[in-house]
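# Inside the fold
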Amino acid sequence: MKIFPISRAATFALALGLPFAAQAQAPAQSPEPRAASAQTPPAAANPARRSQHLTQEQMMQRVETHLASLRTQLGITPAQDAQWQEFAKVTRDNAVAMRQRYTQRGTLLAQMSAADNMMDFAQISQQNAQERMKLATAFRGLYDVMSTEQKQRADQAFRTQHQPGQRPHRRP
């Protein structure tokens, strides 16, 4: 199976649509120019880059792991399962759509001019914003049926994901 580069932060952001996603993705989405990547050690020699190369299965496993963790953290009840399932479906669909879009970008990048590259990245940003709106709508449906305690946990979880001016923290 072919492996495509995607940073861990971008994977989490794409998958979960957390509030820090827009800031976290910008540096991660911008691939290195071909000449610069030749000077960069391969992923196997550089542990920091090793996590950037995920297979489709690994990416989806991370999505599922984070969904399971979020479900537990929020204490989703059986009565909230329909809204949770909608949120989880949109999360998964967004992750797959962005993965496909980045795969497409990766195959065309070598032939893109700088102007085409910038336009392509702008189109990805638009797609990302549209998908984030779908996710926000699905999350609103879930949030609306949460108890006060669950809402407080959700508010705290989403606030602590990213503070303005800081890079998102990595989870173990």
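One can find the structure itself at the top, above this paragraph.
Summarised in this report is the structure supplied together with it. (Residues numbered from 1 in each chain as written. Predicted model: local features only at pLDDT ≥ 70, side-chain atom pairs only at ≥ 80, totals over all residues. Heavy atoms only, no water.)

### Structural notes on the overall build of the chain
- If you tally the helices and strands in the chain, you get eight helices and two strands.
- What you see in the chain, going N to C, is helices and strands ordered as β-α-α-α-α-β-α-α-α-α.
- Residues classed as buried in the chain amount to 37% of the 172 residues present.
- Contacts in the chain between residues far apart in sequence, at least 24 positions, make up 71% of those at least 6 positions apart.
- For the chain, the computed accessible surface area is about 10,000 Å², with 57% contributed by carbon and sulfur atoms. (Helix = DSSP H or I, 4+ residues; strand = E, 2+ residues; numbered from the N terminus. Buried < 20%, exposed > 50% of the residue type's maximum accessible area, 1.4 Å probe, protein only. Contact = heavy atoms within 4.5 Å. Areas by Shrake-Rupley, 256 points an atom, 1.4 Å probe, with all protein chains shown as cover.)

### Some thoughts on the packing of helix α6 (residues 81-108) against helix α7 (residues 114-144)
- Running from N to C, α6 and α7 cross one another at 175 degrees; their axes reach a closest spacing of 8 Å. Comparing their axes, α7 and α6 come out roughly antiparallel.
- For the contact of α6 with α7, the per-class residue count stands at 12 nonpolar, eight polar and seven charged. (Axes fitted to C-alpha atoms, helices over the stretch in contact; angles between N-to-C directions. Parallel < 35°, antiparallel > 145°, perpendicular 65-115°, else oblique. Nonpolar A, V, L, I, M, F, W, Y, C, P; charged D, E, K, R; others polar.)

### Looking at the pattern of salt bridges
- Throughout the structure, instances matching the rule amount to seven salt bridges.
- Here D81 and R71 are joined by a salt bridge, their closest N and O atoms 2.9 Å apart. Of the two residues, D81 sits in helix α6 while R71 sits in helix α5 (residues 56-74), which places them 10 residues apart along the sequence.
- Overall, D81 belongs to the partly exposed group, its relative accessible area being 27%.
- Taking relative accessible area as the criterion, R71 reaches 26% and is therefore assigned partly exposed.
- Here D120 ties to R105 by a salt bridge, and the two come within 2.6 Å at their closest N and O atoms. One end of the pair, D120, is in helix α7; the other, R105, is in helix α6, and 15 residues separate them in sequence.
- For D120, a relative accessible area of 8% puts it in the buried group. (Salt bridge = Lys/Arg side-chain N within 4 Å of Asp/Glu carboxyl O.)

### Regarding the environment of A95
- In this structure, A95 sits in helix α6.
- Remark: the alpha-carbon pair of A95 and Q56, spanning 39 residues in sequence, is separated by 9.8 Å.

### What to know about α5
- Here α5 spans 27 Å end to end across 19 residues, near enough to the 27 Å set by a 1.5 Å rise per residue.
- Taken together, the buried positions of α5 are M59, M60, V63, H66, L67, L70 and L74. Taken end-on, α5 shows its buried residues confined to a sector of 125 degrees, consistent with a single buried face.
- After α5 finishes, the residue G75 shows a positive phi value of roughly 65 degrees. (Expected span 1.5 Å × (residues − 1). Arc of directions from axis to C-beta.)

### Section: α6
- With 28 residues, α6 should reach 40 Å at 1.5 Å per residue; the first-to-last C-alpha distance of 40 Å fits that figure.
- The set of residues buried in α6 consists of W84, F87, A88, V90, T91, N94, A95, M98, R99, R101, Y102 and R105.

### Examining the packing of aromatic side chains
- Taken as a whole, this structure holds four aromatic pairs when the rule is applied.
- With a centroid separation of 5.5 Å and an interplanar angle of 50 degrees, the aromatic rings of W84 and F87 are classed as tilted. In this pair, W84 and F87 both sit in helix α6, three residues apart, roughly one turn of the helix. There is no split in this pair, since W84 and F87 are both buried. (Phe/Tyr/Trp six-rings, centres within 6.5 Å; stacked < 30°, edge-to-face > 60°.)

By themselves these figures say nothing about function.
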